[in-house]
Amino acid sequence: MNRTEATAERGEKSDTAQLLGRAGMACYGVVHLVIAYLALQVAFGDSEQADQKGALQQVGSTAFGQVLLWILAVGLVAFGLWQFLMAAVGYTWVFGGKRTRKRIGAAARGVVGLALGFTAFRLATGSGGGGSSNQRQQEFTAKLLSLPAGPALVVIAAAAVFGVAIAAAIKGVKQKFLEDLDTTELPGRSRRWVGWLGTTGYLAKAVVFTVVAILLAIAGFDADAHKAGGLDAALKTLAAQPFGTVLLTVVALGLAAFGVYCFAAAWAHKR
């Protein structure tokens with residue numbers, strides 16, 4: 001290990017980095033809980049913006065919420081930076097290809113965490129917060145469609161998102177997330193629930209990613225960026241299906257379960 005890697009590893013394992021990163025993971029859980037609440041609103045007929053930005057806007061809708069929004073902004077940025085440290089030198093308890101996959105996943109979460117954190121900062125300062133998940137997805141799709149063989153590229157992107165959905169489902173069913181936790185750190189009665197919460201949460205996320213992939217594939221086949229959509233469109237697509245209220249309610253409860261799982265993971269994540 002060279003000097004830079006050694007320094008990064010000491011930083012990742014330091015008490016300060018661990019405290020901030022774990023607090024950030026709890027903030028990540030709060031965002032999922034609010035998204036679950038918005039999804040339930042959509043399931044029962046409200047037209048809420050049921051995505052990450054909508055969740056942060058919901059948090060900041062009251063005076064106390066503005067304070068909480070600042071806390072979430074700092075926490076989510078800390079979570080993102082912690083995940084980048086994990087991507088660089090973390091997951092020393094696994095080896096080979098498994099460690100590489102976990103580090104890639106951490107890098108992806110780092111991007112998400114920083115993006116959510118900066119969105120929260122912009123909302124807290126009143127400078128907007130960027131477009132909705134649908135708008136961002138449609139803009140991304142439009143850029144791909146404008147390239148040579150654009151529709152094929154969009155379909156390939158849809159396949160990649162579907163791959164993420166499959167990975168999330170496998171992670172949930174096989175409870176691979178428990179590899180990263182020291183469950184002995186959890187109170188005795190809560191240990192039995194962590195596996196169930198994580199499995200339910202990852203399966204719910206797999207359903208959402210699958211719908212996003214389907215919408216993206218349709219946009220590619222039809223060469224129409226407006227048919228793509230992000231988390232908000234995925235949840236509203238589920239609501240529009242037969243028995244959509246029941247289906248979206250189940251998914252919302254799964255997202256809430258993932259939010260609660262994040263609290264346990266923040267407490268018991270391995271160093």
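Residues numbered from 1 in each chain as written. Predicted model: local features only at pLDDT ≥ 70, side-chain atom pairs only at ≥ 80, totals over all residues. Heavy atoms only, no water.

Some points on the pattern of salt bridges
For the coordinates displayed, the defined rule picks out six salt bridges. Measuring nitrogen to oxygen at the nearest pair gives 3.2 Å for the salt bridge that ties Asp15 to Arg271. With a gap of 256 residues between them, Asp15 in helix H2 (residues 15-43) and Arg271 in the segment after helix H10 (244-268) connect regions that are remote in the sequence. In this structure, Lys227 engages Asp222 in a salt bridge whose closest nitrogen and oxygen atoms are separated by 2.7 Å. (Salt bridge = Lys/Arg side-chain N within 4 Å of Asp/Glu carboxyl O. Helix = DSSP H or I, 4+ residues; strand = E, 2+ residues; numbered from the N terminus.)

Here we look at a nonpolar patch on the surface
Taken together, the side chains of Phe64, Val67 and Ile71 define a hydrophobic patch exposed on the protein surface, amounting to about 330 Å² of accessible area. Within the secondary structure, Phe64 is located in helix H4 (residues 63-89). (Patch = residues over 30% accessible without salt bridge, like charges linked within 9 Å, V, L, I, M, F, W, Y side chains within 5 Å. Areas by Shrake-Rupley, 256 points an atom, 1.4 Å probe, with all protein chains shown as cover.)

What about helix H3 (residues 52-59)?
Among all positions in H3, only Lys53, Gly54, Ala55, Leu56 and Val59 are buried. Among the structural elements, H2, H4 and helix H5 (96-124) are those in contact with the buried residues of H3. (Buried < 20%, exposed > 50% of the residue type's maximum accessible area, 1.4 Å probe, protein only. Contact = heavy atoms within 4.5 Å.)

Quick notes on the packing of aromatic side chains
Applying the stated rule across the entire model yields 10 aromatic pairs. Taken together, a centroid distance of 4.9 Å and an interplanar angle of 20° make the contact between Tyr28 and Phe79 stacked. Here Tyr28, found in helix H2, pairs with Phe79, found in helix H4; they are 51 residues apart in sequence, far enough to count as distant. Given a relative accessible area of 10%, Tyr28 falls into the buried group. Through pairs of rings, three or more aromatic residues link up here, namely Tyr28, Phe79, Phe177, Tyr202, Phe258 and Tyr261. (Phe/Tyr/Trp six-rings, centres within 6.5 Å; stacked < 30°, edge-to-face > 60°.)

That's the geometry; what it means functionally is another story.
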